[in-house]
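# Understanding the architecture of this molecule
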Amino acid sequence: MSAKLILSMDGAVIKEYPLTKERTTIGRKAHNDIAIDNLAVSGEHAAVITILNDSFFEDLGSTNGSMVNGAPAQKHFLQNADVIEIGKYKLKYLNDQPTQVPSADFEKTMVLRAPPKPSPINLGENFNHTQTNIGVPIVKPEATTQFNTTAPKPEVKAATVATPAVPAAVIQILNGPNLGKELELNKNLTTLGKPGVQVAVLARRPHGFFITHVEGANFPLVNGASVGEQPQQLKDHDIIELAGVKMEFYFKS
């Protein structure tokens, strides 16, 4: 069974929505994938990003806000049976597939902001927190994207079987104080950006690496062109511009 959302109100199921798209939008306007015609719902209220077997919820700055499992939520890594509340409506998330990474790891965002002096790239706050990144501890660059570092080896092997090997890839920072830093893309999901400004996800798939816009009014650029709302496959030596940082994607020889 693929992941899906079940829309209900006052306990009565209205409709089921399979999450077959990378980005599923929720809102009052008719163009949304899940259109809810109610004044408590903003025109473009929220979105659910689905990559591989994982999905996470993002409120798009709605007027009345959103809740997940009874708590206000701006961003939330969705797990099976989570309940999103928008006004009087509820969206239950169902997914019987194992997630690619633990939620605690996925919710870490690598911050590419420029510190006062040259230093390794910082690690940002969790998605469920407010966007405050000042004063986060410095970590070594090789640790910034090591999602699943605490996972047992059998789980890592299982993930590798589910995702056939693709050539190893790296991104190299091309400007700012971190000029020349290299980050190996050795996990299924790598989240890059600056929370509250611009965030994107790099997903490793059986047929290559894809970049998907997650957060921010402006889309990331690849070779000077906007990636748009749909995932875009990266080619060797593509230049990515994200949150004011320019970086090169390339495959390791």
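In this report, we go over the structure that sits alongside the text. Not measured: the values here are computed from a predicted model.

## Topic: the sheet that holds strand β20 (residues 225-226)
The strand order β15-β14-β23-β22-β19-β20 describes an open sheet built from six strands, whose pairing is antiparallel. The open sheet has two edge strands, β15 (182-184) and β20, and neither has a second partner. Pairing geometry for strand β22 (residues 238-242) and strand β23 (residues 245-251), over five bridges, is antiparallel. Bridge assignment links L242 to a residue of β23, and that residue is V245.

## Let's talk about the pairing of strand β2 (residues 12-18)
Relative to β2, strand β1 (residues 4-9) runs antiparallel, the two being bridged by six bridges. Opposite L7, over in β2, you have K15 as the bridge partner. Taking the residues that link successive antiparallel strands as the turn, the β1-β2 hairpin has two residues, and the phi of D10 there is positive, at about 55°.

## Re the packing of aromatic side chains
Each pair of aromatic rings is reported with the distance of its centres and the angle of its planes. By the definition in use, this model includes three aromatic pairs. Taken together, a centroid distance of 5.1 Å and an interplanar angle of 80° make the contact between F249 and F251 edge-to-face. Its relative accessible area of 26% is what places F251 among the partly exposed residues. Taken together, the ring pairs in this structure connect F209, F249 and F251 into an aromatic cluster. Residue placement shows R205 over the ring face of F210; its charged tip is 4.8 Å from the ring centre.

The rules behind each value
- Residues numbered from 1 in each chain as written.
- Predicted model: local features only at pLDDT ≥ 70, side-chain atom pairs only at ≥ 80, totals over all residues.
- Heavy atoms only, no water.
- Pairing = 2+ DSSP bridges.
- Helix = DSSP H or I, 4+ residues; strand = E, 2+ residues; numbered from the N terminus.
- Phe/Tyr/Trp six-rings, centres within 6.5 Å; stacked < 30°, edge-to-face > 60°.
- Buried < 20%, exposed > 50% of the residue type's maximum accessible area, 1.4 Å probe, protein only.
- Lys NZ or Arg CZ within 6 Å of the ring centre and 35° of its normal.

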